[in-house]
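# Structural overview for review
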Protein chains: 2
Amino acid sequence: MIQSVNSSLLENAVSELSKLPGIGRKTALRLALHLLRREPQEAVALGEAIIKMRQNICYCRRCHNISEQEVCPICSDSRRDEKTVCVVENVKDVITIESTHQHHGLYHVLGGVISPLDGIGPSDLEIASLVKRVSEEDIKEVILALSPTIEGDTTNFYIYRKLSELPVKVTMLARGLSIGNELEYTDELTLGKSIQNRVLFSDTYHKS
Amino acid sequence: MIQSVNSSLLENAVSELSKLPGIGRKTALRLALHLLRREPQEAVALGEAIIKMRQNICYCRRCHNISEQEVCPICSDSRRDEKTVCVVENVKDVITIESTHQHHGLYHVLGGVISPLDGIGPSDLEIASLVKRVSEEDIKEVILALSPTIEGDTTNFYIYRKLSELPVKVTMLARGLSIGNELEYTDELTLGKSIQNRVLFSDTYHKS
């Protein structure tokens, strides 16, 4: 049931909040009433943080990650390995991979994956700019770090073909068992891949 | 895993969003990245709606409902029955009861219920102001519309005793079967109450 509220200011806040993904009208009303119960400066801090973020964050000219400058902090960090570029679907994936502390190179954010059903083709993504980057910069390895889905694999393959003429090594993330999962609950495709791509126990032992 | 983000503006927005109830850091990040993908004016509209709402909504001097003026639109609506006052726990309950279109009188928002475990006593609630209102205004009926919980019932009883000296009828919401629920899944207490408080079929038939 859609409940109407008596105040146009509350109604406006509820309607704006319920535009957010996963937030329906009921949740939006709960959030708005929560803010009304708290100190005014808390709501002002939230509102201003949202506005400032949106108005001042742009995209890195080089890797298309979010940035407050023309070039993002990762691209302009001289300690990072400029010869290795990790290709990801979106900004969230940069954050996820950064939190593993296992990638010391740069990124290239595609802005999505090829998905004909959603009307997303290669030209809607930052693929041409990736090819340009690889041909102009001194990049030795491109790591494809897209999700292991049909769309992700299609995009991986498309990029692989586009880069095949260039003198660059193209790698992709390993498919295998999830750490902490029971073997018997692992799907057969993944289990099969993990047998094909088995690694020397001594190698893993020394790396960890 | 707490994921750190590279931008202080994004970090700030994520940290403010995750202060909202039911929104963790992961959801906050998802919401912030969603706003970054949308048009800037959408984020500005959301931020401004939150700030304006919090800065301009106050509480009605008479019934303690939220209001943009000193007296709320319900209290100042001359078509409403000033002789009947519905006592509710919070602002959300006013909205819920309004959406039934069955109450044509005014409200009195307590701001909570008596709950010794949470340290909430009668003096923390708008009970004294209710008693004052009943003794000063021409109120004929007070409808207790608190939740049928231990705390709600305790508060009902406390208010009932406080009003017992005054010439006012005190009623409470009927307890009975939930419409649409199967009889066999109704708890025994509710079913027992619904037998005790059975109503003439012809009365219900004519009202609906």
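Up top is the structure these notes are about.
What you see is a predicted model, and the numbers here were worked out from it, not measured in a lab.

Below, the discussion takes up the packing of helix α3 (residues 40–56) of chain A against helix α3 (residues 40–56) of chain B. Closest axis-to-axis distance for the α3(A)/α3(B) pair is 8 Å, and the angle between their directions is 170°. Of the possible angle classes, the one that applies to α3(A) and α3(B) is roughly antiparallel. For the element pair α3(A) and α3(B), the recorded crossing hand is left-handed. On α3(B), the residues that touch A:P40, A:A43, A:V44, A:L46, A:G47, A:E48, A:I50, A:I51, A:R54 and A:Q55 of α3(A) are B:P40, B:A43, B:V44, B:L46, B:G47, B:E48, B:I50, B:I51, B:R54 and B:Q55. In terms of residue class, the contact of α3(A) with α3(B) is made up of 12 nonpolar, four polar and four charged.

A few words now on the relation of the copies chain B and chain A. Least-squares fitting of chain B to chain A yields an RMSD of 0.1 Å, with the superposition described by an axial translation of 0.0 Å and a rotation of 180°. Here the symmetry operator amounts to a two-fold rotation axis. No C-alpha of chain B lies nearer the rotation axis than that of B:G47, which sits 1.9 Å from it. Same-surface contact between copies: 100% of interface residues of chain B are shared with the interface of chain A.

Under the defined criterion, the tally for this structure stands at 26 salt bridges over all chains. Close ionic contact of A:R62 with A:E137 constitutes a salt bridge, the shortest N to O distance being 3.1 Å. Separated by 75 residues along the polypeptide, A:R62 in the loop between β1 (58–59) and β2 (66–67) and A:E137 in the loop between α5 (127–136) and β5 (141–144) bring together distant segments of the chain. Across the pair B:R61 and B:E70 runs a salt bridge, and its minimum N-O distance is 2.8 Å. On the accessibility criterion, B:R61 (55% relative accessible area) is exposed. A single network of salt bridges, built from pairs that share partners, joins A:R62, A:E82, A:R133 and A:E137.

Now for the interface of chain B and chain A. At the junction of the two partners, chain B supplies 55 residues and chain A supplies 55 residues. Summed over both sides, the interface of chain B with chain A buries roughly 5,200 Å², with 74% coming from carbon and sulfur. The tally of links from chain B across to chain A stands at zero salt bridges. Scanning the region where chain B abuts chain A turns up 14 residue pairs in polar contact (both at pLDDT 80 or more). Looking at the side of chain B that touches chain A, the elements that each hand over two or more residues are α1 (8–17), α2 (25–37), α3 and α4 (91–98) of chain B. Top contributing element to the side of chain B that touches chain A by residue count: α3(B), with 16 residues. Residue classes in the side of chain B that touches chain A are distributed as 31 nonpolar, 12 polar and 12 charged.

All names here are of chain B. Residue H64 is not a glycine yet carries a positive backbone phi of 70°. Note that H64 resides in the loop between β1 (58–59) and β2 (66–67). You can call H64 buried: its relative accessible area is 17%. With phi around 55°, H101 is a residue other than glycine that occupies positive phi space. As for its position among the elements, H101 is in the loop between α4 and β4 (105–109).

Moving on to the pairing of β4(B). Residue and element names in this part refer to chain B. Within β4, five of the five residues are buried, which leaves the element mostly enclosed by the surrounding structure. Of the pairings in the sheet, the one linking strand β3 (residues 81–88) to β4 comprises five bridges and is parallel in character. Directly across from V87, in β4, lies its bridge partner H108. Viewed along the sheet, the connection from β3 through α4 into β4 turns out right-handed.

Moving on to the side chain of A:R54. Following the sequence through the fold, A:R54 ends up in helix α3. One buried charged residue, A:R54, forms no salt bridge at all, with the nearest opposite charge on B:E39 at 6.1 Å. A polar atom in the side chain of A:R54 sits 3.0 Å from the backbone oxygen of B:L35. A distance of 2.6 Å separates the side chain of A:R54 from the backbone oxygen of B:R38, its partner in a polar contact.

Cut-offs used in this document
- Residues numbered from 1 in each chain as written.
- Chains lettered and ligands numbered in written order.
- Predicted model: local features only at pLDDT ≥ 70, side-chain atom pairs only at ≥ 80, totals over all residues.
- Heavy atoms only, no water.
- Axes fitted to C-alpha atoms, helices over the stretch in contact; angles between N-to-C directions.
- Helix = DSSP H or I, 4+ residues; strand = E, 2+ residues; numbered from the N terminus.
- Parallel < 35°, antiparallel > 145°, perpendicular 65-115°, else oblique.
- Left-handed = near helix turned anticlockwise from the far one by under 90°.
- Contact = heavy atoms within 4.5 Å.
- Nonpolar A, V, L, I, M, F, W, Y, C, P; charged D, E, K, R; others polar.
- Least-squares fit on C-alpha atoms with pLDDT ≥ 70 in both.
- Salt bridge = Lys/Arg side-chain N within 4 Å of Asp/Glu carboxyl O.
- Buried < 20%, exposed > 50% of the residue type's maximum accessible area, 1.4 Å probe, protein only.
- Buried area = accessible area lost by both parts, 1.4 Å probe.
- Polar contact = N/O pair within 3.5 Å; in protein donor to acceptor, adjacent residues only side chain to side chain.
- Pairing = 2+ DSSP bridges.
- Right-handed = clockwise from strand over helix to strand, strands pointing away.
- Lys, Arg positive; Asp, Glu negative; His and termini not counted.

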